[in-house]
Amino acid sequence: MTDSLLADLAALGASPPAGFADAVFADYVQLDAVAALPAVFVAFTDQGICCVDPSREEGEFLDRFHRRFGRPLRFARRAPRGVVDALRSGRSAALRYDLRGLSEFEQAVLRKTLEIPRGEVRPYAWVAREIGNPAAVRATGSALGRNPIPFLIPCHRVIRSDGTPGQYGFGPELKKKLLTAEGYVTGV
Amino acid sequence: MAIVEELAVGGVDDFDHAFVDIVSDHQRAIYSGARRLTRQNQDAEDLAADTFLRAYAALRHYSIERRESLNMRPWLITILLNQWRNLCRSESRRPFTTAMSPEHEPTDVAPGPAVSAEQSDPNGPLAAALDQLPERQRIAVILRHVVGMSMEEVAEAMRCPPGTAKSHVSRGLQQLRALSSEVSHD
């Protein structure tokens, strides 16, 4: 009786489904510079792409990633399908993104920004208005400044209302360079 | 422990590399515990993943001495139990909240509730009977006999003396036999 009960209890143990570790780890690749884009590290989870980082050194990227995401990383052999093409073409709206850890407001800003096509720009106020918070122009700028997936989520296509590029986390020169490469003539 | 030593001497890459082994070595124990605590496979997967992420975040900030002194499995199980209690608190609408009350008394062992629980639990009569136990007994039995921990590890994970853990396990098994017997004679 006792042995049978203990054996039956032990039989209630189970291994997690295959791929369980994918819910714990993020994977990353390093991609070469393409056109105006610098070389980048791209990190992704089972939910989608979570980070694009133009750090020059791997250690710098790993350190930044760990501090922001608190998730262990594994080196991957290849990027998720479509990422390299999206970086080349600037058409990235169809990719899957993992925006967990961002506020609802930040996610709304980034999702709306994703709709801006290559070669076009929108003012910060347009993004704020489109997501239903017309007064939150400054907060929209802050949310874009915290964009963990630059280049793919094209925060560089959001500019000031007067047509000048405005601020950019990686420097205004890179923002101008990206916009010019996409065919937009920036104001001075 | 070799893994903890590896964590202690490694840099950033080694830390993550070592954590692959920690997940691999302990995922069955953590998932088994999570599955019996939540009674839902999907919830169990989320809870187990969250447990490892919490562990990772903590380990990154631990000193080498603290990492070296860790007994990994009971430490992970303690995190699992804390995460599970947080989950129960934040989702109190879930049906398993009846088993959460820390000091709740042994449940009625009359055949009626036992049988109805059995019918609603997709994992069978023993799992349903296990769910009828008071929380401390249920956790102790799960850790000792489903997860397969030693009594010392159970005590460490539950933050109680080994004698208390042993008593919880013993009384839990006794009640399980009584429940099984009542169901089989019903």
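Residues numbered from 1 in each chain as written. Chains lettered and ligands numbered in written order. Predicted model: local features only at pLDDT ≥ 70, side-chain atom pairs only at ≥ 80, totals over all residues. Heavy atoms only, no water.

Peer 1: What am I meant to see in the confidence of the model for chain A here?
Peer 2: Should pLDDT be low for a region, the predicted coordinates there are not to be read in detail. Per-residue confidence for chain A averages 93 on the pLDDT scale, and 97% of its residues sit at or above 70. The weakest mean pLDDT in chain A belongs to helix H1 (residues 2-10) of chain A at 85; the strongest belongs to helix H4 (residues 104-113) of chain A at 98. (pLDDT = per-residue confidence, 0-100. Helix = DSSP H or I, 4+ residues; strand = E, 2+ residues; numbered from the N terminus.)

Peer 1: Explanation requested: H4 of chain A in the structure shown.
Peer 2: Residues lying three or four places apart along an α-helix face the same way, a consequence of the helix completing one turn every 3.6 residues. All names here are of chain A. Of the residues making up H4, those classed as buried are Glu106, Val109, Leu110, Lys112 and Thr113. One face of H4 carries all of its buried residues, which in axial projection span an arc of 165°. Packed against the buried residues of H4 are helix H5 (124-130), helix H6 (137-145) and strand E6 (158-159). (Buried < 20%, exposed > 50% of the residue type's maximum accessible area, 1.4 Å probe, protein only. Arc of directions from axis to C-beta. Contact = heavy atoms within 4.5 Å.)

Peer 1: Would you mind showing me how to read the sheet that holds strand E3 (residues 48-53) of chain A here?
Peer 2: Sheet strands pair by backbone hydrogen bonding; their relative direction is either parallel or antiparallel. All names here are of chain A. With respect to topology, 4 strands assemble into an open sheet ordered E3-E2-E1-E4, the strand pairing being mixed. Both outer strands of the open sheet, E3 and strand E4 (73-75), are each paired with one neighbouring strand and no more. The average angle at which neighbouring strand axes cross in this sheet is 30°, direction not considered. Across 5 bridges, the pairing between strand E1 (residues 26-31) and strand E2 (residues 40-45) is antiparallel. Each bridged residue has a counterpart across the sheet, and for valine 29 the counterpart in E2 is valine 42. On top of the sheet, helix H2 (residues 58-69) reaches E1, E2, E3 and E4; it is set at about 130° to E3, its chief contact. (Pairing = 2+ DSSP bridges. Axes fitted to C-alpha atoms, helices over the stretch in contact; angles between N-to-C directions.)

Peer 1: Help me understand the pattern of salt bridges, please; the structure alone is not making it clear to me.
Peer 2: Residues and elements named next belong to chain A. For the structure shown, the criterion picks out 17 salt bridges over all chains. Residues glutamate 106 and arginine 146 are paired through a salt bridge, measuring 2.9 Å at the closest nitrogen-oxygen approach. Remark: arginine 146 occurs in the loop between H6 and E6 and glutamate 106 occurs in helix H4; sequence separation between them is 40 residues. With a relative accessible area of 40%, arginine 146 lands in the partly exposed category. Each member of the salt-bridge network shares a partner with another, and the members are Asp22, Asp27 and Arg74. (Salt bridge = Lys/Arg side-chain N within 4 Å of Asp/Glu carboxyl O.)

Peer 1: I'm lost on the packing of helix H5 (residues 72-90) of chain B against helix H8 (residues 135-146) of chain B in this one. Help?
Peer 2: Relative orientation and spacing of two packed helices are given, respectively, by the angle between their axes and the distance between those axes. Residues and elements named next belong to chain B. Following both chains from N to C, one finds H5 and H8 inclined at 140°, their axes separated by 13 Å at the closest point. Put simply, H5 runs oblique to H8. Seen from above, H5 lies across H8 with right-handed handedness. Contacts between H5 and H8 involve Ile77, Leu81, Trp84 and Arg85 from the first element and Glu135, Arg136, Arg138, Ile139 and Leu143 from the second. Classifying every residue of the contact of H5 with H8 gives 5 nonpolar, no polar and 4 charged. (Parallel < 35°, antiparallel > 145°, perpendicular 65-115°, else oblique. Left-handed = near helix turned anticlockwise from the far one by under 90°. Nonpolar A, V, L, I, M, F, W, Y, C, P; charged D, E, K, R; others polar.)

Peer 1: Just to check I follow, could you spell out the layout of surface pockets for this structure?
Peer 2: One way to see where empty space is left: roll a probe the size of a water molecule over the atoms. For the largest pocket, the calculated volume is near 660 Å³. Forming the boundary of the largest pocket are 29 residues, of which Leu144, Gly145, Arg146, Asn147 and Gly169 of chain A lie nearest the centre. Mapped by element, the contributors of at least two residues to the lining of the largest pocket are E3, H2 and H6 of chain A. Looking at which element gives the most residues to the lining of the largest pocket, the answer is H6 of chain A, with 6 residues. Among the residues making up the lining of the largest pocket, the classes are represented as 14 nonpolar, 7 polar and 8 charged. Approximately 410 Å³ is the volume found for the second largest pocket. Lining of the second largest pocket is provided by 21 residues; of these, Glu45, Asp46, Leu47, Ala49 and Asp50 of chain B occupy positions nearest its centre. Top contributing element to the lining of the second largest pocket by residue count: helix H3 (residues 41-61) of chain B, with 9 residues. (1 Å grid on protein atoms, 1.4 Å probe; cavity = no way out; pocket = protein on both sides within 12 Å on 5 of 7 lines; lining within 4 Å. Points joined across faces, edges and corners; volume = space filled by probe spheres on them.)

Peer 1: Would you mind showing me how to read the pairing of E2 of chain A here?
Peer 2: Successive side chains on a regular strand alternate, one facing one side of the sheet and the next facing the other. All names here are of chain A. In terms of residue burial, E2 counts as a mostly covered element, since 6 of its 6 residues are buried. Here E2 shows a buried face lined by Val40, Val42 and Phe44 and a second buried face lined by Phe41, Ala43 and Thr45. Between E2 and E3, which pair antiparallel one after the other, the connecting turn spans 2 residues.

Peer 1: Honestly, the interface of chain B and chain A in this entry has me stumped. Any pointers?
Peer 2: For an interface, size is often stated in terms of accessible area lost upon the parts coming together. Across the boundary between the two partners, chain B contributes 28 residues, which contact 25 residues of chain A. Area buried by chain B at its contact with chain A is led by Leu53, Leu126 and Arg177 of chain B, which between them contribute 20% of it. On the surface where chain B and chain A come into contact, there are 8 residue pairs in polar contact (both at pLDDT 80 or more). Broken down by element, the residue count for the side of chain B that touches chain A peaks at 12 residues, all from helix H2 (residues 12-38) of chain B. Of the residues in the side of chain B that touches chain A, the class split is 17 nonpolar, 3 polar and 8 charged. (Buried area = accessible area lost by both parts, 1.4 Å probe. Polar contact = N/O pair within 3.5 Å; in protein donor to acceptor, adjacent residues only side chain to side chain.)

Peer 1: In this structure, what is going on with the nonpolar core? I would like to understand it.
Peer 2: The tendency in soluble globular proteins is for nonpolar side chains to be buried as a group. One finds Leu9 of chain A together with Leu143 and Leu176 of chain B to be the most contacted residues of the largest nonpolar core, which totals 62 residues. Contributions of two or more residues to this core are made by H1 of chain A together with H2, H3, H5, helix H7 (125-131), H8, helix H9 (151-158) and helix H10 (162-185) of chain B. Leucine 143 of chain B has contacts with Ile77, Leu81, Gly148, Met149, Val154, Ala157 and Met158 of chain B, leaving out every residue within four places of it along the chain. Counting residues in each nonpolar core, the second largest holds 37 residues, with Ala76, Val83, Leu95 and Trp126 of chain A among its members. (Core = buried A, V, L, I, M, F, W, Y, C linked by side-chain atoms within 4.5 Å.)

Peer 1: Any chance you could explain the packing of aromatic side chains here in plain terms?
Peer 2: Each aromatic ring pair is characterised by the separation of its centres together with the angle its planes make. If you walk through the whole model with that rule in mind, you get 14 aromatic pairs over all chains. Look at phenylalanine 20 of chain A and phenylalanine 52 of chain B: their rings are 6.0 Å apart centre to centre, the planes differ by 65°, and that puts the pair in the edge-to-face class. Taken together, the residues phenylalanine 20 of chain A in the loop between H1 and E1 and phenylalanine 52 of chain B in helix H3 connect one chain to another. One exposure class covers both phenylalanine 20 of chain A and phenylalanine 52 of chain B, and it is buried. Seen in terms of ring centroids, phenylalanine 65 of chain A and phenylalanine 69 of chain A are 4.6 Å apart; in terms of plane orientation they differ by 20°. Their pairing is stacked. Of this pair, phenylalanine 65 of chain A and phenylalanine 69 of chain A both sit in helix H2, 4 residues apart, which is roughly one turn of the helix. Its relative accessible area of 25% is what places phenylalanine 69 of chain A among the partly exposed residues. Clustering of aromatic rings is evident, with ring pairs tying together Phe20 and Phe25 of chain A together with Phe15, Phe19, Phe52 and Tyr56 of chain B. Taking NZ or CZ as reference, arginine 122 of chain A lies 5.1 Å from the ring centre of tryptophan 126 of chain A, over its face. Stacked on the ring of phenylalanine 15 of chain B, the Lys or Arg arginine 60 of chain B has its end atom at 5.0 Å from the ring centre. (Phe/Tyr/Trp six-rings, centres within 6.5 Å; stacked < 30°, edge-to-face > 60°. Lys NZ or Arg CZ within 6 Å of the ring centre and 35° of its normal.)

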